[in-house]
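The residues making up each chain are set out below.
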Amino acid sequence: MSAQPEEAPTPPAPAAAAQLLAQLRADRRADTWVPAFERDWAKALEDSRHTYSLTPLHDVVRAWQLRVAAAPAVDLYMDSGRDETGFVDLDDILGARR
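Here's what I pulled together on the structure shown here. (Residues numbered from 1 in each chain as written. Predicted model: local features only at pLDDT ≥ 70, side-chain atom pairs only at ≥ 80, totals over all residues. Heavy atoms only, no water.)

1. Points about the packing of aromatic side chains
The final tally for this structure, using the stated rule, is three aromatic pairs. Relative to W64, the ring of W33 lies with its centre 5.9 Å away and its plane at 75°, an arrangement referred to as edge-to-face. Linking W33 in helix α2 (residues 30-51) with W64 in helix α3 (residues 55-79), this pair joins segments that are 31 residues apart in sequence. Taking the relative accessible area as the measure of exposure, W33 reaches 16% and is therefore buried. Judged by centre distance (5.9 Å) and plane angle (85°), the rings of F37 and W64 are edge-to-face. Here F37 is found in helix α2, whereas its partner W64 is found in helix α3, with 27 residues between them in sequence. Residue classification places F37 among the buried residues on the basis of a relative accessible area of 3%. Here the aromatic cluster, defined as three or more aromatic residues joined through ring pairs, consists of W33, F37, W41 and W64. When the ring centre of W64 is taken as origin, the NZ or CZ atom of R67, which lies over that ring, is 4.5 Å away. (Phe/Tyr/Trp six-rings, centres within 6.5 Å; stacked < 30°, edge-to-face > 60°. Helix = DSSP H or I, 4+ residues; strand = E, 2+ residues; numbered from the N terminus. Buried < 20%, exposed > 50% of the residue type's maximum accessible area, 1.4 Å probe, protein only. Lys NZ or Arg CZ within 6 Å of the ring centre and 35° of its normal.)

Written out as structure tokens, the structure reads:
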């Protein structure tokens, strides 16, 4: 019997953050993505120091892995020429995100 709940995600590999950063640096979006990743990583590292938990670091890696995985689909959508001028910005409805 495990002390960890079954729905808990598997932690990323120990080298996942370094591999992800290398992948981000090689991407065409590196100018914006690398500083954003480093900012997220620094905040998660500070949170981990205070909580003695690796969860914030794992969450950053997972979130960025999902962003990288979704990038080709986003590119296809943006390149499709869809007109979104009639839509309302979600921030106008929900308010600014924190």
